[in-house]
Amino acid sequence: MGTQWSVVLDGLAARKTDSVQIALQQAIQEVDDQMTTWRATSDLMRLNAAPLGRWIDLPPQLMRVLAEGLAISRVTDGAFEMNLGEAVAAWGFGASAIDLGHIREASHATRIRATDGLQLDEIRCRAQKTAQLTLDLSGIAKGYGVDRLAEALAGFGIGSALCAIDGELRALGTQADGTPWAVAVETPDSDRHLPHSYVALADGAVATSGDYRHFVTVKGHRLSHTIDPLRRAPLIAAPASVSVLAQSCMQADAMATALMVMGVDAGQAYARENGISALFLRRADEGVVAHGVGMFCDQKSLARRP
């Protein structure tokens, strides 16, 4: 997935690290083997390469992510979209360098939503494409990877831990002394990794999508790795970052991506209407401006850095 994972164990759980670390690495490797776009042999890339109309057997983990991705795409009216693999690759956010010719091709390609071109048979664990799709799970797979880390820990009876991949985190319980885990929401600055605020996290997940870690610079303008599904190009005038709280990190990851695409105003409105806790950070002349919805308005859940 092009990044690092980490797990913090607290209390008695810290005594089990040898066998636990093996299980954690296996869980992450499983997600990577199934969902990466960096290797043609992954299960996702097998599906991408399959002929139209042919059912392809897939592992249950990938089926779970595809089903959740389709569901979130439907409820966000396509703000979350998985059929963006061509654009992701063309703009240099995948295994290849940025390619202007491929960018032009991607921008003129027919806009087909994954919800319209992908059929899932969850009982038989198989999928088929009914339209040409190049699926990319970069907006949801890391969150699912965090959930798999949490599931692996739960298998050892561990109930006090903090799991992370990049900007996606999930807490199991609290710290051993009963206090929530303090998770930093970064200030959107690619040069310095400073906290903007802290989230008190217990038995839940938080995911952040932003433009300050993975981006390209074109003619002096920073372009986020988050792709606009309508334009098939990086977002313009998007928030600097969006953080979302949810029970699963997979849900938080995908919803943070969707709210980035919606933008500050429409995203806040959607979050309020649907009971989503989200924090929007945008750049302004006076600095970084925060807009909180739901629990991000609660001072017990969110504290500014000293």
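What you see is a predicted model, and the numbers here were worked out from it, not measured in a lab.

Looking only at helices and strands, the protein has nine helices and 17 strands in total. Out of the 306 residues belonging to the protein, those deemed buried represent 51%. Counting only contacts in the protein whose residues sit at least 6 apart along the sequence, the fraction spanning at least 24 positions is 61%. In the form shown here, the protein has an accessible surface area of approximately 14400 Å², with 50% of it arising from carbon and sulfur atoms.

So, about the side chain of Gln268. Structurally, Gln268 can be placed in helix 9 (residues 264-273). Excluding residues within four positions of it along the chain, Gln268 makes contact with Gly263, Phe280, His291 and Val293.

Read from one edge of the open sheet, seven strands run 1-5-6-9-14-15-16, paired in antiparallel fashion. Looking at strand neighbours, the two that pair on one side only are strand 1 (5-9) and strand 16 (287-293), the edges of this open sheet. Strand-to-strand, the axes of this sheet are offset by a mean angle of 15 degrees, without reference to chain direction. One ladder, built from five bridges, connects strand 5 (residues 161-165) with strand 6 (residues 168-172); its direction is antiparallel. Across the sheet, the residue bridging to Ile165 is Glu168, located in strand 6. On the sheet, helix 7 (residues 141-154) packs against strand 1, strand 5 and strand 6 and is oriented at approximately 150 degrees with respect to strand 5.

Moving on: the nonpolar core. One finds Leu66, Leu135, Leu137, Val244 and Leu259 to be the most contacted residues of the largest nonpolar core, which totals 43 residues. Mapped onto this core, the elements with two or more residues apiece are helix 1 (17-35), helix 2 (43-49), helix 3 (60-75), helix 7, strand 14 (241-246), helix 8 (249-262), helix 9 and strand 15 (277-284). Of all the elements, helix 8 adds the most residues to this core, at eight residues. Ignoring any residue separated from it by four or fewer positions in sequence, one finds Val244 in contact with Ala205, Val206, Ala207, Ala252, Met255, Ala256, Leu259, Ile276, Ser277, Ala278 and Phe296. Within the second largest apolar cluster, 17 residues are counted, among which are Ile28, Ala152, Ile158 and Ala161.

At a minimum axis separation of 9 Å, helix 1 and helix 7 run at an interaxial angle of 150 degrees. Considering the angle they form, helix 1 stands roughly antiparallel to helix 7. Helix 7 is crossed by helix 1, and the crossing has right-handed handedness. Seen from helix 1, the contacting residues are Val20, Ala23, Leu24, Ala27, Ile28, Glu30, Val31 and Met35; seen from helix 7, they are Ala141, Tyr144, Gly145, Arg148, Leu149, Ala152 and Leu153. Of the residues that constitute the contact of helix 1 with helix 7, the class distribution is 12 nonpolar, one polar and two charged.

On to the packing of helix 3 against helix 8, then. When two helices pack together, you describe them by how their axes are tilted relative to each other and by the distance separating the axes. It is the contact of helix 3 with helix 8, at a shortest axis distance of 11 Å, that shows an interaxial angle of 40 degrees. Put simply, helix 3 runs oblique to helix 8. You can see that helix 3 and helix 8 cross each other, and the crossing is right-handed. On the side of helix 3, the interface is formed by Arg64, Val65, Glu68 and Ile72, while helix 8 contributes Met250, Gln251, Ala254 and Met255. Here the residues of the contact of helix 3 with helix 8 are counted per class, giving five nonpolar, one polar and two charged.

Time to look at the packing of aromatic side chains. All chains considered together, the criterion is met by zero aromatic pairs. Of note, Arg126 hangs over the ring of Trp55, and the distance from its end group to the ring centre comes to 4.4 Å.

What follows is about the pattern of salt bridges. As enumerated under the stated definition, the model contains 11 salt bridges in all. Here Asp33 ties to Arg39 by a salt bridge, and the two come within 2.9 Å at their closest N and O atoms. We classify Asp33 as partly exposed; its relative accessible area is 35%. Between Asp43 and Arg46 there is a salt bridge; the shortest N-O distance is 2.8 Å. Residue Asp43 and its partner Arg46 are both found in helix 2; the two are separated by three residues, about one turn of the helix. Using a relative accessible area of 16% as the deciding quantity, one classes Asp43 as buried. A network of salt bridges, in which partner residues are shared, links Glu30, Arg64, Arg148 and Glu151.

This part takes up the sheet that holds strand 4 (residues 126-129). The strands that make up a sheet pair up through hydrogen bonds in the backbone, lying either parallel or antiparallel. Spatial ordering of the open sheet is given by 2-4-3, a layout of three strands whose pairing is antiparallel. Across the chains shown, the open sheet's two edge strands, defined by having one partner strand only, are strand 2 (56-57) and strand 3 (118-121). One ladder, built from two bridges, connects strand 2 with strand 4; its direction is antiparallel. If you follow Asp57 over to strand 4, its bridge partner there is Arg126. Relative to the sheet, helix 3 contacts strand 3 and strand 4, its axis offset from that of strand 3 by approximately 130 degrees.

Rules and cut-offs
Residues numbered from 1 in each chain as written. Predicted model: local features only at pLDDT ≥ 70, side-chain atom pairs only at ≥ 80, totals over all residues. Heavy atoms only, no water. Helix = DSSP H or I, 4+ residues; strand = E, 2+ residues; numbered from the N terminus. Buried < 20%, exposed > 50% of the residue type's maximum accessible area, 1.4 Å probe, protein only. Contact = heavy atoms within 4.5 Å. Areas by Shrake-Rupley, 256 points an atom, 1.4 Å probe, with all protein chains shown as cover. Pairing = 2+ DSSP bridges. Axes fitted to C-alpha atoms, helices over the stretch in contact; angles between N-to-C directions. Core = buried A, V, L, I, M, F, W, Y, C linked by side-chain atoms within 4.5 Å. Parallel < 35°, antiparallel > 145°, perpendicular 65-115°, else oblique. Left-handed = near helix turned anticlockwise from the far one by under 90°. Nonpolar A, V, L, I, M, F, W, Y, C, P; charged D, E, K, R; others polar. Phe/Tyr/Trp six-rings, centres within 6.5 Å; stacked < 30°, edge-to-face > 60°. Lys NZ or Arg CZ within 6 Å of the ring centre and 35° of its normal. Salt bridge = Lys/Arg side-chain N within 4 Å of Asp/Glu carboxyl O.

Treat this as a map of the structure, not an account of what it does.
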